[in-house]
Each structure stands twice: as C-alpha cells, then as structure tokens.
Amino acid sequence: MCYIHRMKNFNEKMEKTKLFIFDADDTLWESGLYFRRAEKDFISLMHSLGFDPETLSSEIHIKDIERLSVTGYGANPYLNTLKLILEEKVQSISPYTITSLEHIAHSLIHHPLILLPGVLDSIAKLNQADKRMIVYTMGEKEHQISKFNRSGLTGFFENCTVVPLKTKDTMIDILATAGVTAEQACMIGNSPRSDINPAIRCGVNALYVKRPYTWLAEEIDFAEPELVTTIAGLDEILPMVGLT
Ligand SMILES: [Mg+2]
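Residues numbered from 1 in each chain as written. Predicted model: local features only at pLDDT ≥ 70, side-chain atom pairs only at ≥ 80, totals over all residues. Heavy atoms only, no water.

1. Quick look at unusual backbone geometry
And then number 1: Phi at Asp-26 is positive, roughly 65°, even though this residue is not glycine.
And then number 2: Relative to the helices and strands, Asp-26 resides in the loop between β1 (19-22) and α2 (32-48).
And then number 3: For Asp-26, a relative accessible area of 10% translates into the label buried.
And then number 4: Its identity is not glycine, yet Asp-130 carries a phi of approximately 65°, on the positive side.
And then number 5: Turning to its location among the elements, Asp-130 is positioned in the loop between α6 (119-128) and β2 (132-138). (Helix = DSSP H or I, 4+ residues; strand = E, 2+ residues; numbered from the N terminus. Buried < 20%, exposed > 50% of the residue type's maximum accessible area, 1.4 Å probe, protein only.)

Right under this line is the structure:
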C-alpha cells in the first residue's frame, strides 16, 4: 500500500537531512493498542457491574479529552480517568473491582514492547550509514524511558528526550540541543497534532507515519498539507536516503 504524497524538492530536503527525529509511541513501537485493550477490559469490568458498554465508551472518550489539559499525556493520567469514572458511577466499590482495575493498570504500564514492522531493520541501516538519530517523545518521563530501554534500540540513537507536551518551542529546543538548523532536520511521527504540525511550523521536514488507529485527540488537520510526506512504515525512509 502506498500513501506517498511528496512535497516539492523532497529529495533535496532528504539529502540535506543531518538529524532524524523519531517519535516513539506508534512510530517505533506499539502503544495505542495497549490503551485500547485497557479500555476494553475496563468496559468489560463495568459491564459486569451493570453499565452499558456503548454509553461508557463515549463517556471515556469525552473525559479523556477533557483531562488532557490538566493531567497531560501518559498511561497513569489515562488510568486515573478510568478510576474517576468508576468512582463516579459505583457507590460502594468492592475489593474484587479494585483488584481488577489494578490488573488493568499493571497490563497497561508493563505492556510488552513490540516494535512496528520494518523498524529494527530501518533503524539499524540508518545507524550503519552514520545517520544521526534521536528519539523525541511525550508523556511520563519514567514510563517513556522504561519503554526506550526495553526496546533494544538504545544503541542506535544519540538520546531519548521526553517532554510533557510536544510544541513548536520544544521542537526548537530539540534542534538547538542537537546543533542543527530546521532545514537539516526531519521529524518522523504518527501524530498530526504532536509530531507533524509543530515540525512544519518550525520549517522541519515532516514524514507522517499513517497508522490504522490514532488516538482521537491527535487526529487533526495538517497545518500545511503540502509540506507533509505520508508513509506507511519506516522502511520507506531507506530508499529516500539512498539506502536499501
Ligand atoms: Mg506517537
């Protein structure tokens, strides 16, 4: 499947790239999958207590969006949202329910670290070709670093930076720390809101990794669609930089 729409002067831009900035969750490895599983498990738990799954599903999504500006991104804030919904709806919470919710939380926090197809090979080849690469992700620092350490990819990247929220300013900091100009950088990520728009607003080349499921809050329009190149996986980057 090919989604590629390439901006003008795309090849020139890729040749000039000195730093590849990779988002982590749902770009390098599976993440949203485990949030969806936690949500399904929570809905099943609530269903067992007599609540309607469909109503609950839309309530979770509304509360999830509402809490973002207060709690920030991450697994623990998300789990707090589920806990809050439980506390609002159930008068007297049984020990069984508390244990079930703890198991759901444990599965989400300690989910397996599964790389996406083509990631290991592409990252190893880019590294072999001496391309500079960093990981740039958002959420809870401890959880994100634990995933990075479990990924088996640490040796390929210069570092992994975790910010609470990705913005144009945090992107400018990333460039300054790495000592490259915007034109010398390429951002690769699956989120229009957090990865692509801040990058193109800084003049950074952006590769959008289109994934089958993206979290609702992250699905917004591109600031300048003509500046975005869409790919289906990281293996598409190799021929773009003259590698196979
Ligand atoms: Mg992501």
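What follows continues from the structure just given.
2. Describing the domain arrangement of the protein
And then number 1: Domains assigned within the protein are domain 1 (10-30 + 114-240) and domain 2 (32-109).
And then number 2: Domain 1 and domain 2 are separated by 29 Å when their C-alpha centres are compared.
And then number 3: Opposite the 16 residues of domain 1 that make contact, domain 2 presents 15 residues.
And then number 4: Counting the contacts that link domain 1 with domain 2 gives 0 salt bridges.
And then number 5: Of all the secondary-structure elements, those providing two or more residues to the side of domain 1 that touches domain 2 are α7 (141-150) and α9 (192-202).
And then number 6: Partitioned by chemical class, the residues of the side of domain 1 that touches domain 2 number 7 nonpolar, 3 polar and 6 charged. (Domains from an automatic or database assignment. Contact = heavy atoms within 4.5 Å. Salt bridge = Lys/Arg side-chain N within 4 Å of Asp/Glu carboxyl O. Nonpolar A, V, L, I, M, F, W, Y, C, P; charged D, E, K, R; others polar.)

3. Re the pairing of strand β6 (residues 228-231)
And then number 1: Side-chain alternation along β6 places Val-228 and Thr-230 on one buried face and Thr-229 and Ile-231 on a second face that is also buried.
And then number 2: Note that strand β5 (residues 205-209) and β6 share 4 bridges and pair parallel. Note that in β6 the partner of Ala-206 across the bridge is Val-228. (Pairing = 2+ DSSP bridges.)

4. Digging into the pairing of strand β3 (residues 160-163)
And then number 1: Both β2 and β3 contribute to a ladder of 4 bridges, which runs parallel. By the bridge assignment for β3, Tyr-136 is matched with Thr-161.
And then number 2: Regarding the hand of the β-α-β motif, the stretch spanning β2, α7 and β3 is right-handed. (Right-handed = clockwise from strand over helix to strand, strands pointing away.)

5. Comments concerning the coordination of the magnesium ion
And then number 1: On the protein side, the magnesium ion has Asp-23 (OD), Asp-25 (O) and Asn-190 (OD1) as donor atoms, found 2.2 Å from it.
And then number 2: Motif for the magnesium ion, donor spacing along one chain: D-x1-D-x164-N. Of this pair, Asp-23 sits in the loop between β1 and α2 while Asn-190 sits in the loop between β4 (185-189) and α9, placing them 167 residues apart in sequence.
And then number 3: For Asn-190, a relative accessible area of 6% puts it in the buried group. (Donors = N, O, S within 2.8 Å, 3.2 Å for Na, K, Ca; no water.)

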